[in-house]
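# What the coordinates show
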Amino acid sequence: MHLNDLPAEFVENCQRFVTIDAHTEGEPLRIITSGYPEIKGETILEMRQYVTQHLDRYRTLLMHEPRGHADMYGALLTKPVTEGADFGVLFLHNEGYSSMCGHGILALVKVACQTGAITLETDERVIKIDAPAGLITAKASRDSQGKIHASFLNVDSWAESLDCSVLVEGFGEIKYDIGFGGAYYAYVDADAHDISCGQENVAQLIDMGRRIKLAVMASHPLVHPIEEDLSFLYGTIFTSKKVTNPEAHSRHVCIFADGEVDRSPTGTGVAGRVALLYAKGEVELEQALMIESIVDGRMIVSATKENSFFGKDAVIPQVSGRSYITGRHQFVIDPDDVFQNGFMLR
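Residues numbered from 1 in each chain as written. Predicted model: local features only at pLDDT ≥ 70, side-chain atom pairs only at ≥ 80, totals over all residues. Heavy atoms only, no water.

Our next topic: the overall build of the protein chain. Per the secondary structure count, the protein chain includes six helices and 18 strands. Relative to its length of 346 residues, the protein chain is compact, with a C-alpha radius of gyration of 20 Å against a globular reference of 20 Å. When each of the 346 residues of the protein chain is scored for burial, the buried share is 54%. In the protein chain, of all internal contacts separated by at least 6 residues, the share reaching a separation of at least 24 is 64%. Of the roughly 15,500 Å² of accessible surface on the protein chain, a fraction of 48% belongs to carbon and sulfur atoms. (Helix = DSSP H or I, 4+ residues; strand = E, 2+ residues; numbered from the N terminus. Rg over C-alpha atoms; globule rule 2.2 N^0.38 Å. Buried < 20%, exposed > 50% of the residue type's maximum accessible area, 1.4 Å probe, protein only. Contact = heavy atoms within 4.5 Å. Areas by Shrake-Rupley, 256 points an atom, 1.4 Å probe, with all protein chains shown as cover.)

This is how it looks when you write it as structure tokens:
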């Protein structure tokens, strides 16, 4: 049997979305290129508020089953709002909308250059992206074989709180730090609590990550220096010195949103981590660290310089990682489909 393309009369009666799918170090990114109605707002945070209030069904449709899955991640392109920016982006996941996404920035830069949406010749290209956490300065370059490499300078990142502890139901006392790298995370030394960061332990990591996040949220309120919309704990990051790659500094397993497991080391997570390590005197400026992930992906992060951010002693992290296109999709929404808004099972 040979299946031809979808009948034109069927497609014409369906709502359609076009995406380019990619991944960075194993973590998926679904880049939505068409299908959304107009997104209103003069700033990225206003746009995020608008899609949350008026267009959220499209997030669940594309992130949740049967078109996505519990760990899907998305990027919705917007118009730029800052002078000199190339474009804007909103980040989507199973629970809602994040403030910043490092793996997403790296994939967007690679895809934009690889598809020709942004021209990349032999010289390094600076690409500026409006994200909810602030303006991101990314860089793209080609090596001698013509392959594209991406990195970005993150927003101001800092150690929010050090040496904290909280009682977690079903486990006991957990010690943690809180770092900001575009989003707030609770960082937990997995080795100190005898928690394995291996793939075989993903169920416990999800369960503990959720429990820790809820416990910290209940006992440790967060206030971003300038943006109320960024004043929330995004997830739990387990750190471990038990690595697969002997060149790696440590391993990260990030449990974020509603129990999502980041397959990458987490771009905003490694940014917050280097800020914590710098605050503790454990790394120097420009010292590059390799952080590996639960699936042995890796990112390189360094603190490029110190900065003062509205009373916070911050650093500007630089993050790099590998991204690849996995496909192009045209999703159609049959008007008779009983699962138009999606669902999620875990």
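Further remarks concern the pattern of salt bridges. With the rule as written, the count across this model stands at 14 salt bridges. Between Asp71 and Arg263 there is a salt bridge, with the nearest N and O atoms lying 3.4 Å from each other. Note that Asp71 is positioned in the loop between helix 3 (56-63) and strand 3 (74-78) and Arg263 in the loop between strand 14 (260-261) and helix 6 (267-279), a separation of 192 residues in sequence. A relative accessible area of 9% means that Asp71 is categorised as buried. The class of Arg263 is partly exposed, set by a relative accessible area of 28%. Here Arg210 makes a salt bridge to Asp258, at a shortest N to O gap of 2.6 Å. Of the two residues, Arg210 is situated in helix 5 (residues 202-219) and Asp258 in the loop between strand 13 (250-256) and strand 14; the sequence distance between them amounts to 48 residues. Residue classification places Arg210 among the partly exposed residues on the basis of a relative accessible area of 33%. Counted as one network, the salt bridges with shared partners bring together Glu25, Arg298 and Arg322. (Salt bridge = Lys/Arg side-chain N within 4 Å of Asp/Glu carboxyl O.)

Attention shifts here to the pairing of strand 8 (residues 148-153). As paired elements, strand 7 (residues 134-142) and strand 8 share six bridges and run antiparallel to each other. If you follow Ala140 over to strand 8, its bridge partner there is Ala150. Linking two consecutive strands that pair antiparallel, namely strand 7 and strand 8, is a turn of five residues; a positive phi of about 85 degrees is found at Gly146 within it. With four bridges joining them, strand 8 and strand 17 (residues 312-321) adopt antiparallel strand pairing. Bridge assignment links Ala150 to a residue of strand 17, and that residue is Gly321. (Pairing = 2+ DSSP bridges.)

With 82 residues, the main nonpolar core has Phe91, Ile105, Ile127, Ile129 and Phe238 as its most contacted residues. Tallying contributions element by element places helix 4 (residues 102-114) first for this core, with eight residues. One finds Tyr36, Ile44, Leu55 and Met63 within the second-largest nonpolar core, a separate group that totals 19 residues. (Core = buried A, V, L, I, M, F, W, Y, C linked by side-chain atoms within 4.5 Å.)

Let us look at the side chain of His224. Along the chain, His224 falls in the loop between helix 5 and strand 12 (233-240). Apart from residues no more than four positions distant in its own chain, His224 is found in contact with Trp158, Phe180, Tyr184, Leu230, Ser231 and Phe309.

Another aspect to go through is the pairing of strand 6 (residues 125-131). As judged from the two bridges shared by strand 4 (residues 87-92) and strand 6, these two strands associate in the parallel manner. Opposite Gly88, over in strand 6, you have Asp130 as the bridge partner. As judged from the seven bridges shared by strand 6 and strand 7, these two strands associate in the antiparallel manner. Paired with Ile129 across the bridge in strand 7 is Ile136. Here strand 6 folds back onto strand 7, and the loop between the two strands holds two residues.

Secondary-structure assignment places His64 in the loop between helix 3 and strand 3. In this structure the side chain of His64 is engaged in a polar contact, spanning 2.9 Å, whose partner is the backbone oxygen of Asn94. Those residues in contact with His64, other than ones at most four positions away along the chain, are Arg59, His69, Asn94, Gly342, Phe343 and Met344. (Polar contact = N/O pair within 3.5 Å; in protein donor to acceptor, adjacent residues only side chain to side chain.)

In the structure shown here, the tally under the stated rule is 15 aromatic pairs. Both rings, one in Tyr73 and one in Phe91, keep their centres 6.3 Å apart while their planes meet at 45 degrees; by these two values the pair is tilted. Within this pair, whereas Tyr73 is found in the loop between helix 3 and strand 3, its partner Phe91 is found in strand 4, the two being separated by 18 residues in sequence. In this pair, the class of Tyr73 matches that of Phe91, namely buried. Every member of this aromatic cluster is reached through a ring pair, and the members are Tyr73, Phe91, Tyr185, Tyr187, Phe232, Tyr234 and Phe256. Sitting over the ring of Tyr97, Arg59 keeps its end group 5.7 Å from the ring centre. (Phe/Tyr/Trp six-rings, centres within 6.5 Å; stacked < 30°, edge-to-face > 60°. Lys NZ or Arg CZ within 6 Å of the ring centre and 35° of its normal.)

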